Amino acid sequence: KNLGEKDDVVNVKPGFGRNYLIPKGYATLATESAKKVLAENLKQAAFKQDKIKKDADAIAARLEGVKLSIGAKAGESGKIFGSVNTIQIADALKKEGFDVDRRRITFDTEPKFVGEYTANLNLHKEVKVKVPFEVIAE
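Source: prediction; values computed, not measured. (Residues numbered from 1 in each chain as written. Predicted model: local features only at pLDDT ≥ 70, side-chain atom pairs only at ≥ 80, totals over all residues. Heavy atoms only, no water.)

Undergrad: Whenever I open this one, the overall build of the protein confuses me. Can you help?
TA: Scanning the protein for helices and strands turns up three helices and four strands. Beginning at the N terminus, the succession of helices and strands in the protein can be written as α-α-β-α-β-β-β. In summary, the protein has a C-alpha radius of gyration of 23 Å against a globular reference of 14 Å for 138 residues, an excess of more than 25%. Across its three principal axes, the protein shows a C-alpha extent of roughly 70 × 30 × 20 Å. Taking all 138 residues of the protein together, 25% fall into the buried category. Once local pairs closer than 6 in sequence are excluded, the contacts in the protein between residues at least 24 apart make up 46%. For the protein, the exposed surface amounts to about 10200 Å²; the carbon and sulfur share of it is 52%. Seen as two clouds, the 25 positive and the 20 negative side-chain charges of the protein have centres 8 Å apart. (Helix = DSSP H or I, 4+ residues; strand = E, 2+ residues; numbered from the N terminus. Rg over C-alpha atoms; globule rule 2.2 N^0.38 Å. Buried < 20%, exposed > 50% of the residue type's maximum accessible area, 1.4 Å probe, protein only. Contact = heavy atoms within 4.5 Å. Areas by Shrake-Rupley, 256 points an atom, 1.4 Å probe, with all protein chains shown as cover. Lys, Arg positive; Asp, Glu negative; His and termini not counted. Charge placed at Lys NZ, Arg CZ, Asp CG, Glu CD.)

Okay, structure coming up:
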């Protein structure tokens, strides 16, 4: 835990490495060939992350100006029966042509009444979008 992150090159005592880290599969010896493989893996991972971030930026740009309407059964006071959840937001986004995983959607405040709310979409660790939506009584 306090030794380092994945793909870090660290120095440890020989016994700790030989008897614990290497047999458990937590580490490998830092030979020249292993360092070259690590450098290539890091380069490929950076390329993949860059592509994922570009895709997230493109989706975020298309989401500007989108407003969703979610229908829910409500009482006379405006309180809805149950609540609007992330699955309903994901389905509404899919109807608009956006494929967003429901696990990447959060709310500032839980929608319990008829009215306007904001959904936060975490498309990438650096790309976050706020999408307004309105809960209407059916």
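Undergrad: Explanation requested: the environment of Asn41 in the structure shown.
TA: Structurally, the position occupied by Asn41 is in helix 2 (residues 32-63). Along the primary structure Asn41 and Glu126 are separated by 85 residues, whereas in three dimensions their C-alpha atoms are 22 Å apart.

Undergrad: Would you mind showing me how to read the pairing of strand 3 (residues 115-124) here?
TA: Every regular strand shows the same layout, with side chains that alternate between the two sheet faces. For strand 3, the tally of buried residues reaches seven of 10 residues, placing the bulk of the element in the interior. Two elements, strand 2 (residues 105-107) and strand 3, share three bridges in a ladder whose sense is antiparallel. Its bridge partner lying in strand 3, Ile105 is registered against Leu121. Where strand 3 hands over to strand 4 (residues 127-137), the hairpin turn is made up of two residues, counted between the paired strands. (Pairing = 2+ DSSP bridges.)

Undergrad: What exactly am I supposed to notice about unusual backbone geometry here?
TA: Leave glycine aside and you will find that most residues have negative phi; peptide bonds, for their part, are mostly trans. If you check the backbone angles, Asp7 has positive phi at about 70° while not being a glycine. When you line up the elements, Asp7 lands in the segment before helix 1 (14-24). The class for Asp7 is partly exposed, based on a relative accessible area of 37%.

Undergrad: Help me understand helix 2, please; the structure alone is not making it clear to me.
TA: Residues that lie three or four places apart on an α-helix share one face, since the helix turns once every 3.6 residues. Taking 1.5 Å per residue as the helical rise, helix 2 with its 32 residues ought to reach 46 Å, and the 47 Å between its terminal C-alpha atoms agrees with that figure. Looking at the packing, one finds that the buried side of helix 2 touches helix 3 (86-96), strand 3 and strand 4. One or two steps after helix 2, the chain reaches Gly65, where phi turns positive at roughly 85°. (Expected span 1.5 Å × (residues − 1).)

Undergrad: Please clarify how the environment of Glu134 should be interpreted in this entry.
TA: Here Glu134 lies in strand 4. Overall, the relative accessible area of 26% leaves Glu134 in the partly exposed class. In sequence terms Glu134 and Asp7 are 127 residues apart; their C-alpha atoms lie 45 Å from each other. In this view, Glu134 contacts Lys67, Leu68, Ser69, Ile70, Gly115 and Glu116; residues no more than four positions away in its chain are not counted.

Undergrad: Whenever I open this one, the packing of aromatic side chains confuses me. Can you help?
TA: Aromatic rings in a pair are described by how distant their centres are and how their planes are angled relative to each other. One pass over the structure, following the stated rule, counts four aromatic pairs. Taking the centre distance of 5.6 Å and the plane angle of 15° together, the rings of Phe16 and Tyr20 count as stacked. Of this pair, Phe16 and Tyr20 both sit in helix 1, separated by four residues, roughly a single helical turn. Residue classification places Phe16 among the partly exposed residues on the basis of a relative accessible area of 39%. Cluster of aromatic residues (ring-pair linked, three or more members): Phe16, Tyr20 and Tyr26. Between Lys79 and the ring centre of Phe113, over which it is positioned, the NZ or CZ distance is 5.4 Å. (Phe/Tyr/Trp six-rings, centres within 6.5 Å; stacked < 30°, edge-to-face > 60°. Lys NZ or Arg CZ within 6 Å of the ring centre and 35° of its normal.)

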